[in-house]
Amino acid sequence: MTVDSRIDLHTHSTASDGTVDPADLVRQAAAAGLAVLALTDHDTTAGWALAAAARPVGLTLIRGAEISCRWYGTEPSIPLHLLGYLFDPTYGPLTAELDRIRAARTVRGERIVDRLRADGYDISWDAVLGHAAGGTVGRPHIAQALIRAGLVADTDEAFRPEWLGQRYRLPKDDLDVFTAVRLVHEAGGVTVFAHPSATKRGRTVPDSMIADLAAAGLTGLEADHADHRPDQRAHVRRLADELGLVATGSSDYHGSHKTVRLGEYTTAPAAYERLIAAAHGVPPL
Ligand code: AMP
Ligand code: FE
Ligand code: FE
Ligand code: ZN
């Protein structure tokens, strides 16, 4: 295994919509031969303590989060994901926004269940909450309930347009992405735009907007990601070069909610070094 294949900067645990708890995740990461793992649950830092406590010697843990953002510079606005790393988790203005987003996710999840029930599907909100098990609620937890009810075969089917991909997809109350970059920065962290060219997830933002984000303090772009085609990965790398941004790669591991493996996509050591050199909120562990 080359050193290049050992830095994975985007993973999820049971603190959001992953299926592996934070302690098992760091153990799996070490067993998979990773040198660096970032824990980036959706809109929460709740998994940080468990991951830190269970971190095996030899694995570096980067504490982070994937923040649900939106770009309001076009109509209708475009949702997007911003990875924040190594920020102070007690910085009030940021934690207030994360709290607000998680609350909005809960309201939105319940509304999705209401719509499903109104159409005659016997899904319960309690079942969804059970699958979320106290973590940030997301559509994968509703997908689990649909699977248990025998309505779909697997998560992939649950995300088809006739289900959670479109028909029962409701918008969340996200955070303006420029505000998010600023708040993470104020908290001493750095930001990377997650899967910026993933057209399979919906509309993407123009390169000119990414240039504006770079000017506003963005540090990196996630280039190598399962939701990017090879041409999209190449385009993101080129754009990162042009804008002086760090290009990263990561698995976006979600346990059994997705088929991607830990460490399937990785970040080059030089890119990783640039990223962490720019942060001073909390240290790598
Ligand atoms: P939400 O955050 O509630 O909008 O749900 C989005 C989450 O669903 C993403 O973070 C992924 O974890 C997951 N997801 C999105 N599309 C798919 C898909 N096609 N198959 C499996 N999981 C998906
Ligand atoms: Fe997710
Ligand atoms: Fe994402
Ligand atoms: Zn993710």
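Residues numbered from 1 in each chain as written. Chains lettered and ligands numbered in written order. Predicted model: local features only at pLDDT ≥ 70, side-chain atom pairs only at ≥ 80, totals over all residues. Heavy atoms only, no water.

Asks: Break down the site of ligand 1 for me, citing the residues and quoting the values.
Replies: By nearness alone, 14 residues border ligand 1, and His42, Arg105, Arg108, Arg139 and His254 come closest of all. The contact in question runs from an oxygen atom of ligand 1 to an N or O atom on the side chain of Arg105, over 2.9 Å. Coverage of ligand 1 by the protein chains reaches 87% of its 490 Å² of free accessible surface. For the shell around ligand 1, the elements supplying multiple residues, two or more each, are helix H3 (92-118), helix H5 (139-148) and helix H6 (155-158). Of the residues that constitute the shell around ligand 1, the class distribution is 2 nonpolar, 5 polar and 7 charged. (Near = heavy atom within 4 Å. Polar contact = N/O pair within 3.5 Å; in protein donor to acceptor, adjacent residues only side chain to side chain. Areas by Shrake-Rupley, 256 points an atom, 1.4 Å probe, with all protein chains shown as cover. Helix = DSSP H or I, 4+ residues; strand = E, 2+ residues; numbered from the N terminus. Nonpolar A, V, L, I, M, F, W, Y, C, P; charged D, E, K, R; others polar.)

Asks: Kindly report on the coordination of the iron ion (ligand 2), identifying the contributing residues and their values.
Replies: Only Asp17 (OD), Asp17 (OD), His42 (NE2) and His254 (NE2) from the protein coordinate the iron ion (ligand 2), and they sit 2.1 to 2.8 Å from it. Note that the iron ion (ligand 2) binds 6 donor atoms; their angles at the metal cover 51 to 158°, and the shape is irregular. Mapping the donors of the iron ion (ligand 2) onto the primary sequence yields the spacing D-x24-H-x211-H. Taken as an interatomic distance, the gap from the iron ion (ligand 2) to the iron ion (ligand 3) is 5.7 Å. With Asp17 in the loop between strand S1 (7-11) and helix H1 (22-31) and His42 in strand S2 (residues 36-42), this pair connects stretches of sequence that are 25 residues apart. Each member of the pair, Asp17 as well as His42, is classed as buried. (Donors = N, O, S within 2.8 Å, 3.2 Å for Na, K, Ca; no water. Tetrahedral: all angles 85-135°; square planar, octahedral: opposite > 155°, others 65-115°. Buried < 20%, exposed > 50% of the residue type's maximum accessible area, 1.4 Å probe, protein only.)

Asks: Tell me about the coordination of the zinc ion (ligand 4), and name the residues and values.
Replies: Geometry sets the ideal angles at a metal, namely 109.5 degrees for four tetrahedral donors and 90 or 180 degrees for six octahedral donors. The coordination sphere of the zinc ion (ligand 4), as far as protein atoms go, consists of His10 (NE2), His12 (NE2), Glu66 (OE) and Asp252 (OD), spread over 2.1 to 2.2 Å. For the zinc ion (ligand 4), the 4 donor atoms in the first shell make angles of 79 to 171° at the metal, so the coordination geometry reads as irregular. Within one chain, the residues donating to the zinc ion (ligand 4) are spaced in sequence as H-x1-H-x53-E-x185-D. Here the zinc ion (ligand 4) and the iron ion (ligand 2) are spaced 4.6 Å apart. On the criterion of sequence distance, the pair formed by His12 in the loop between S1 and H1 and Glu66 in strand S3 (residues 60-71) is long-range, its members being 54 residues apart. Judged by its relative accessible area of 0%, His12 falls in the buried class. The class for Glu66 is buried, based on a relative accessible area of 1%.

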